[in-house]
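Residue-level structural notes
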Amino acid sequence: MKKKIVVATTNEGKLREFRQMLEPEGYQVLSLADLDHPAEIEENGTTFQENAVLKAQSVTDQFQIPAIADDSGLCIACLHNEPGVHSARWLGHDTPYDIKNQKVLELVKDAEDRSCYYACAIAWCAPGKEPKVFYDTWNGEIAREPRGTNGFGYDPIIYIPSMGKTAAELTKDEKNAVSHRGKALRKLEDWLSEQK
Ligand code: IMP
């Protein structure tokens, strides 16, 4: 019988990525939409790691089932690493990213140091087990202007010097090979296959 695991998200994109990785490993992947009244989780941790564990542990505690959750964001050096864990909520959850991105460009306009990084933490929780967290980052710089239409969120203003492109100018596969999420996901994948 397949092992069940919940990916604690309602984001279809994230769910698809986790499914692609976990199903070949023999998991039946469920999402929050498959659970009966999952508790609302307040992401009030101060680190990506804390928030990822909060989300996964809440599902494990409520339904006694293994769960995975991720938390990610953009940290900008000259803004004291903001928006960081507030990346999704920054300037309002529903504010379009072209507006958020223009605001970032304005805020870093005169900064000498335009360096930034994306971070991603993925937590794995299971009944009676200590949570495991997989974390990675992706370094870049705040671009001078938005470029590219791929990806999402802050991608058009994140310039990756080693690639000579913004994150939004990379294909999905190019981004996945080097991104914070791609690298953290592969760490989880390696660990899961060691557990067999
Ligand atoms: P989460 O869903 O709580 O992890 O929120 C992550 C937020 O961080 C997103 O809504 C974006 O604002 C930002 N973010 C994280 N990873 C990326 C990325 O790969 N590209 C663009 N924005 C990202």
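These remarks concern the structure in this document. (Residues numbered from 1 in each chain as written. Predicted model: local features only at pLDDT ≥ 70, side-chain atom pairs only at ≥ 80, totals over all residues. Heavy atoms only, no water.)

In terms of regular secondary structure, the protein chain is built from five helices and eight strands. Listed N to C, the secondary structure of the protein chain is β-α-β-α-β-β-α-β-β-β-β-α-α in terms of helices and strands. A compact globule built from 196 residues would reach a C-alpha radius of gyration of about 16 Å, and the protein chain, at 17 Å, matches this within 12%. When its C-alpha atoms are laid out on the principal axes, the protein chain stretches across 55 × 30 × 25 Å. Out of the 196 residues belonging to the protein chain, those deemed buried represent 45%. Within the protein chain, contacts between residues at least 6 apart in sequence are counted, and of these 57% link residues at least 24 apart. (Helix = DSSP H or I, 4+ residues; strand = E, 2+ residues; numbered from the N terminus. Rg over C-alpha atoms; globule rule 2.2 N^0.38 Å. Buried < 20%, exposed > 50% of the residue type's maximum accessible area, 1.4 Å probe, protein only. Contact = heavy atoms within 4.5 Å.)

Let's shift gears to helix 3 (residues 97-107). Looking only at helix 3, the buried set comprises Lys 100, Asn 101, Val 104 and Leu 105. Along the axis of helix 3, the buried residues cluster in a sector spanning 140°; they form a single face. Seen from the buried face of helix 3, the exposed residues on the opposite side, beyond 90 degrees, are Asp 98 and Glu 106. Buried residues along helix 3 sit in contact with strand 3 (67-76) and strand 6 (132-142). (Arc of directions from axis to C-beta.)

Before going further, it helps to examine the site of the ligand. The immediate surroundings of the ligand are formed by 17 residues, with Lys 14, Tyr 97, Asp 155, Lys 175 and Arg 181 found nearest. In the environment of the ligand, an oxygen atom lies 3.2 Å from a nitrogen or oxygen atom belonging to the side chain of Asp 71. Within the side chain of Arg 181, one N or O atom sits 2.9 Å away from a nitrogen atom of the ligand. Contact with the protein chains hides 89% of the accessible area of the ligand, taken as 490 Å² for the molecule alone. Secondary structure elements with two or more residues in the shell around the ligand: strand 3 and helix 5 (180-194). For the shell around the ligand, the element with the most residues is strand 3, which contributes three residues. Of the residues contributing to the shell around the ligand, the split by class is five nonpolar, five polar and seven charged. (Near = heavy atom within 4 Å. Polar contact = N/O pair within 3.5 Å; in protein donor to acceptor, adjacent residues only side chain to side chain. Areas by Shrake-Rupley, 256 points an atom, 1.4 Å probe, with all protein chains shown as cover. Nonpolar A, V, L, I, M, F, W, Y, C, P; charged D, E, K, R; others polar.)

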